[in-house]
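# A closer look at the structure
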Amino acid sequence: MKPSPKKTPMREQEAKERIKNFFEVPFGYSEEEAVLEAGRCLQCPAKPCVSGCPVGIDIPGFIRKIRERNFPEAARILKLYNNLPAICGRVCPQETQCEAKCVVGKIPGSEPVAIGRLERFVADWEAEHSIQSQVEIAPAKHKKVAVVGSGPAGLTVAADLAKRGYEVHIFETLHKPGGVLVYGIPEFRLPKSIVEREVNYVKSLSVQIFLNMPVGRAIPVKDLLREYDAIFIGVGAGTPKFMGIEGTNLNGVYSANEFLTRVNLMKAYLFPEYDTPVRRGKKVIVVGGGNVAMDAARSALRLGAESVTVVYRRTEQEMPARREEYLHALEEGIKFYWLTQPIRYVGNEKGEVVGVECISMRLGEPDESGRRRPIPIEDSRFILEADTVIEAIGTEANRFLLSQFDGLKLNKYGYIIADENTCATSMRKVFAGGDIVTGAATVIEAMGAGKRAAEWIDRFLSGEYDPWK
Amino acid sequence: MNLIREKRKLAPGVYEFWIENNHIVKYAQPGQFVVMRLHEKAERIPITIAGKKDDSFRAVVRAVGKSTYELCMAKEGDSIMDIAGPLGRPSEIGFYGNVMLVGGGVGIATLLPIAEALKAQGNRLYVVLGGRSKEYVIMLEEFSKLADQIVITTDDGSFGIKGVVTDGMQMLFEREKIDIVWAVGPTIMMKFCSMKAKEHGVRIWVSLNPIMVDGTGMCGACRVTVNGKIRFACVDGPEFEGELVDWDELLKRLAQYRNEEEHSLKLFMERVGDLSWL
Ligand SMILES: Cc1cc2nc3c(=O)[nH]c(=O)nc-3n(C[C@H](O)[C@H](O)[C@H](O)COP(=O)(O)OP(=O)(O)OC[C@H]3O[C@@H](n4cnc5c(N)ncnc54)[C@H](O)[C@@H]3O)c2cc1C
Ligand SMILES: Cc1cc2nc3c(=O)[nH]c(=O)nc-3n(C[C@H](O)[C@H](O)[C@H](O)COP(=O)(O)OP(=O)(O)OC[C@H]3O[C@@H](n4cnc5c(N)ncnc54)[C@H](O)[C@@H]3O)c2cc1C
Ligand code: SF4
Ligand code: FES
């Protein structure tokens, strides 16, 4: 049989059903579908797809095992490179990474191999068959590493160091490990049971996770420096930005972080069974064009909104959200106002938001990011009705920990300056990676940094290389 | 960890807890708070650290809604699922000279560690404590040991002078030259204390209690306008200079979930029955 030019489709919940629940949207491949899709891979000797993967997974290698129906071996190969494959298979922007490089995708009229879906299939298959692929743990090295933050960067560095025989302690300020994976990305895109499963895997390597520990407050930085042989900072870029326009503090105006934290981490969609409330708006406006905006919009819809509208100051072409998520949002009936910028929130006497005054934009010359700069069009103001507004315009470095690391060099945006390769910072023994170094990026890039850091922390602690000499 | 070692009723609906937690005891400074989550389905609630001894810290809690009712029903020997802290910027303790301390309701408990630290710096303390009636003026004994002068006000006149804390402030301002003020209590009280301090041209610190979620600066639920700028009370505060706070906005933000709160409490009451004994 000649392979199809298109990806093997993945079955998913119908849009009109799924907007009423928080269950995961796609169902994942069956064994047959996975084997069929694996058959589309050409097993290129040059492996261009691997060069697109921030952690360098042996993609044709694991795909071949799927084709051979040797799923345990496929899982073993994946885990050599990626400690959290069930998560990456779901949330990685494959279309700009591995799949963008795939040779099959370069053939006119053809789609690349569905590498992400295959990754997800293998990880889920392994979990369903409760097979723990064998991981070898090196003999104990009798050295201790502290990891601050339990997001993908922290979990990865911890798992890799534990495998190399180090004693690893993760400190997390929230009551659940996972970082953005638990508080930001919604259940319907990344079920929390999957995050829990992956966290349990990390714990099974003898990594200890201490929750409710705001490092810098509950443990002073100098104690960490004294008690541990090396420190990895992976605290993410969790501080929400606000545009700061008039009316920002009206009731009903949220940062995406607050809205998503209430819904995901605190399970406000199950209020009053769970105690944390969230406003269930009827007319919701989301500001922004990234993944976070899509997540906020689709969550608001599932909370029962009559209309959800995304306003973005550029156009569809420039929006940074993953294509798949944007298409999901469209299918679900979310409306988009392109080239639109809010300039004021309108409130009532009770201090609640009732509308958003916007101005239309046009695109000018490209700015430093290479995207065309939006410019306001005069006399183009209009008001959109809204009882809830969610600003998803980005985040910045979380300040309270960094302010206590005397001597830690930060860049002009407040992120930690760390070597791209070794993840070493300006302070001896201190490494950093993930969003706190790059600014808001992706799960896989945070994991990639965690992997590199683990390797260099190992070299540093074994006396092989000293980044500070 | 997080074991409730002692529990004591201080006033109707107001309880003192001593809760075991080594980290908090070791590092807490005056003015800081914790965020608690009682059980898997609970919300995260901020509570001030109102003292420490041995391996436990003190929390003084007033039952105002579902979560605080539930907390006040906890018994000695129970454990609290999650306690994160200490959080927030500590108070700016130093030598100022004559310090006026104004406490209302459970804010009195928040004020105590600040008072102790200021006393240790050699400040003279002029204290005003207020409550609805005599039984709500808590921790009087502890303050009596620290204060150089103390004025009590009650709404009904059942104890001290009949009036509100700003009346007590006025009395002290007339008697003494005050260098700085700390006021902790209900938002509306702190608003009027700030106006009173401004009237006398004296700097005032207040401890704000907006609605919070994480308490670590990552959500912005706690944002307040101070001096025209957006600040996050959990990391930039909770203490701010009272004169600069947009009080009316804060009061409106506190009412944000009124309907949900009432609904939640009603369901809870139906489940647990009469709570008037609290
Ligand atoms: C809503 C949303 C959707 C996203 N969707 C995608 C997607 O589809 N695909 C994708 O690839 N990426 C996505 N991202 C981005 C991705 O989640 C992040 O790039 C990634 O999580 C960064 O990982 P990290 O480990 O650096 O930090 P984080 O995941 O932010 O974790 C940092 C952790 O450190 C903790 N911490 C902070 N300060 C302290 C302290 N002082 N002491 C102890 N702990 C501390 C935090 O509580 C947090 O748990 C999304 C992000 C958001 C917000
Ligand atoms: C930094 C900080 C320190 C605090 N310290 C203490 C303390 O030591 N002891 C104590 O008893 N309380 C303290 N609070 C207030 C306490 O967190 C709230 O009373 C509690 O979260 C209310 O939860 P609930 O479910 O019981 O009531 P809800 O049902 O949420 O609310 C019931 C009523 O209380 C009001 N309310 C809600 N949240 C707050 C709030 N944060 N502050 C004031 N009123 C509120 C509501 O407007 C409503 O009228 C503190 C708050 C902050 C921000
Ligand atoms: S580039 Fe595409 S076809 Fe070639 S090995 Fe990678 S996944 Fe297979
Ligand atoms: S409570 Fe979330 S930022 Fe302050």
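In short, a report on the structure. Being a predicted model, the structure only gives us computed values, none of them experimental.

Each value, and the rule that gives it
- Residues numbered from 1 in each chain as written.
- Chains lettered and ligands numbered in written order.
- Predicted model: local features only at pLDDT ≥ 70, side-chain atom pairs only at ≥ 80, totals over all residues.
- Heavy atoms only, no water.
- Helix = DSSP H or I, 4+ residues; strand = E, 2+ residues; numbered from the N terminus.
- Rg over C-alpha atoms; globule rule 2.2 N^0.38 Å.
- Contact = heavy atoms within 4.5 Å.
- Lys, Arg positive; Asp, Glu negative; His and termini not counted.
- Charge placed at Lys NZ, Arg CZ, Asp CG, Glu CD.
- Pairing = 2+ DSSP bridges.
- Axes fitted to C-alpha atoms, helices over the stretch in contact; angles between N-to-C directions.
- Phe/Tyr/Trp six-rings, centres within 6.5 Å; stacked < 30°, edge-to-face > 60°.
- Buried < 20%, exposed > 50% of the residue type's maximum accessible area, 1.4 Å probe, protein only.
- Lys NZ or Arg CZ within 6 Å of the ring centre and 35° of its normal.
- Near = heavy atom within 4 Å.
- Nonpolar A, V, L, I, M, F, W, Y, C, P; charged D, E, K, R; others polar.
- Buried area = accessible area lost by both parts, 1.4 Å probe.
- Salt bridge = Lys/Arg side-chain N within 4 Å of Asp/Glu carboxyl O.
- Polar contact = N/O pair within 3.5 Å; in protein donor to acceptor, adjacent residues only side chain to side chain.
- Areas by Shrake-Rupley, 256 points an atom, 1.4 Å probe, with all protein chains shown as cover.
- Patch = residues over 30% accessible without salt bridge, like charges linked within 9 Å, V, L, I, M, F, W, Y side chains within 5 Å.

Helix and strand content of chain B: 9 helices and 16 strands. A compact globule built from 278 residues would reach a C-alpha radius of gyration of about 19 Å, and chain B, at 18 Å, matches this within 12%. Considered along the principal axes of its C-alpha atoms, chain B spans approximately 50 × 40 × 40 Å. Contacts spanning at least 24 positions in sequence make up 65% of the contacts within chain B whose residues lie at least 6 apart. The centroid of the 35 positive side-chain charges in chain B is displaced by 1 Å from the centroid of its 37 negative side-chain charges.

Glancing now at the sheet that holds strand E7 (residues 283-287) of chain A. All names here are of chain A. Ordered by their spatial adjacency, 5 strands build an open sheet running E6-E14-E7-E8-E9, and the pairing between neighbours is parallel. Strand pairing shows two members of the sheet lacking a second neighbour, strand E6 (253-255) and strand E9 (335-337), which therefore form its edges. Neighbour-to-neighbour, the strand axes of the sheet open up by a mean angle of 20°, direction not taken into account. As paired elements, strand E8 (residues 307-311) and E9 share 3 bridges and run parallel to each other. Of the residues in E9, the one forming a bridge with valine 311 is tyrosine 337. In the packing of helix H14 (residues 256-265) onto the sheet, contacts are made with E6 and strand E14 (388-391), and the angle to E6 comes to roughly 85°.

Per the stated rule, a full pass over the model turns up 19 aromatic pairs over all chains. Ring centres 5.2 Å apart and planes at 80° place the aromatic pair phenylalanine 71 of chain A and phenylalanine 121 of chain A in the edge-to-face group. Taken together, the residues phenylalanine 71 of chain A in helix H5 (residues 71-81) and phenylalanine 121 of chain A in helix H9 (residues 115-128) connect sequence positions 50 residues apart. Assigned by exposure class, phenylalanine 71 of chain A and phenylalanine 121 of chain A land together as buried. A ring pair is formed by tyrosine 326 of chain A and phenylalanine 336 of chain A, whose centres lie 5.1 Å apart and whose planes are at 85°; its orientation type is edge-to-face. Note that tyrosine 326 of chain A is positioned in helix H16 (residues 323-331) and phenylalanine 336 of chain A in strand E9, a separation of 10 residues in sequence. When sorted by exposure, tyrosine 326 of chain A lands in the same class as phenylalanine 336 of chain A, which is buried. Here lysine 53 of chain B stacks its cationic end above the ring of tryptophan 18 of chain B, 4.4 Å away from the centre of that ring. Over the aromatic face of phenylalanine 192 of chain B sits the side chain of lysine 191 of chain B, whose NZ or CZ is 5.7 Å from the ring centroid.

Here the focus is the site of ligand 3. Residue and element names in this part refer to chain A. In the neighbourhood of ligand 3, the contacting residues comprise Cys41, Leu42, Cys44, Pro48, Cys49, Pro60, Cys102, Val103, Val104 and Ile115. Residue assignment for the shell around ligand 3 shows that the elements contributing at least two residues are helix H3 (48-51) and helix H8 (103-106). Of the residues contributing to the shell around ligand 3, the split by class is 10 nonpolar, no polar and no charged.

In this section: the interface of chain A and chain B. Chain A puts 45 residues into the contact, and the matching count from chain B is 48 residues. Summed over both sides, the interface between chain A and chain B buries roughly 3,800 Å², with carbon and sulfur atoms accounting for 53% of that surface. Linking chain A to chain B there are 3 salt bridges. Our count for the contact surface shared by chain A and chain B stands at 23 residue pairs in polar contact (both at pLDDT 80 or more). Mapped by element, the contributors of at least two residues to the side of chain A that touches chain B are strand E5 (239-240), E6, H14 and helix H17 (399-402) of chain A. Counting residues per element, the side of chain A that touches chain B draws most heavily on H14 of chain A, at 4 residues. Considered class by class, the residues forming the side of chain A that touches chain B number 19 nonpolar, 15 polar and 11 charged.

Bringing the environment of isoleucine 219 of chain A into the picture now. Structurally, isoleucine 219 of chain A can be placed in the loop between strand E3 (208-210) and helix H13 (221-227). Looking at isoleucine 219 of chain A, the relative accessible area reads 7%, which means it is buried. Counting along the chain gives 48 residues from isoleucine 219 of chain A to phenylalanine 171 of chain A, while the straight-line C-alpha distance between them is 9.4 Å. If we skip the residues at most four places from it in the chain, isoleucine 219 of chain A touches Phe171, Met213, Pro214 and Leu224 of chain A together with His23 and Tyr27 of chain B.

Residues and elements named next belong to chain A. Inspection of the secondary structure assignment puts serine 150 in the loop between strand E1 (144-148) and helix H10 (152-163). You can call serine 150 buried: its relative accessible area is 0%. Within the local environment of serine 150, its side chain forms a polar contact with the side chain of glutamate 172, the two groups lying 2.8 Å apart. Setting aside chain neighbours within four positions, we find serine 150 in contact with Leu155, Ile170, Glu172, Lys176, Pro177, Gly178 and Gly179.

Residue and element names in this part refer to chain B. Surveying the vicinity of ligand 2 reveals 21 residues, the closest of which are Pro46, Thr48, Val60, Arg62 and Thr68. In the model, an oxygen atom of ligand 2 is placed 2.7 Å from a nitrogen or oxygen of the proline 46 main chain. Compared with its free state, where it exposes 860 Å², ligand 2 has 85% of that area covered by protein. Every element with two or more residues in the shell around ligand 2 is listed here: strand E4 (44-48), strand E6 (56-62), helix H2 (66-73) and helix H9 (258-272). The biggest single contributor to the shell around ligand 2 is E4, with 4 residues.

Time to look at the pattern of salt bridges. Under the counting rule described, the total for this entry stands at 60 salt bridges over all chains. Two residues, arginine 164 of chain A and aspartate 458 of chain A, come together in a salt bridge whose shortest N-O distance is 3.1 Å. Within this pair, whereas arginine 164 of chain A is found in the loop between H10 and strand E2 (167-171), its partner aspartate 458 of chain A is found in helix H19 (residues 443-461), the two being separated by 294 residues in sequence. For the salt bridge of arginine 203 of chain B with glutamate 241 of chain B, the shortest nitrogen-to-oxygen distance reads 3.2 Å. With a gap of 38 residues between them, arginine 203 of chain B in strand E13 (residues 203-207) and glutamate 241 of chain B in strand E16 (residues 239-241) connect regions that are remote in the sequence. A cluster of three or more residues bridged by salt bridges with shared partners is formed by Glu12, Arg18, Glu95, Arg189, Asp295, Arg298, Arg302, Arg322, Glu324, Glu325, Glu331 and Glu332 of chain A.

The next point concerns a nonpolar patch on the surface. On the surface, a cluster of nonpolar side chains totalling about 280 Å² of accessible area is made up of Ile188, Phe192 and Met195 of chain B. For isoleucine 188 of chain B, the location among the structural elements is in helix H6 (residues 187-199).

By themselves, these observations are geometric and do not establish any function.
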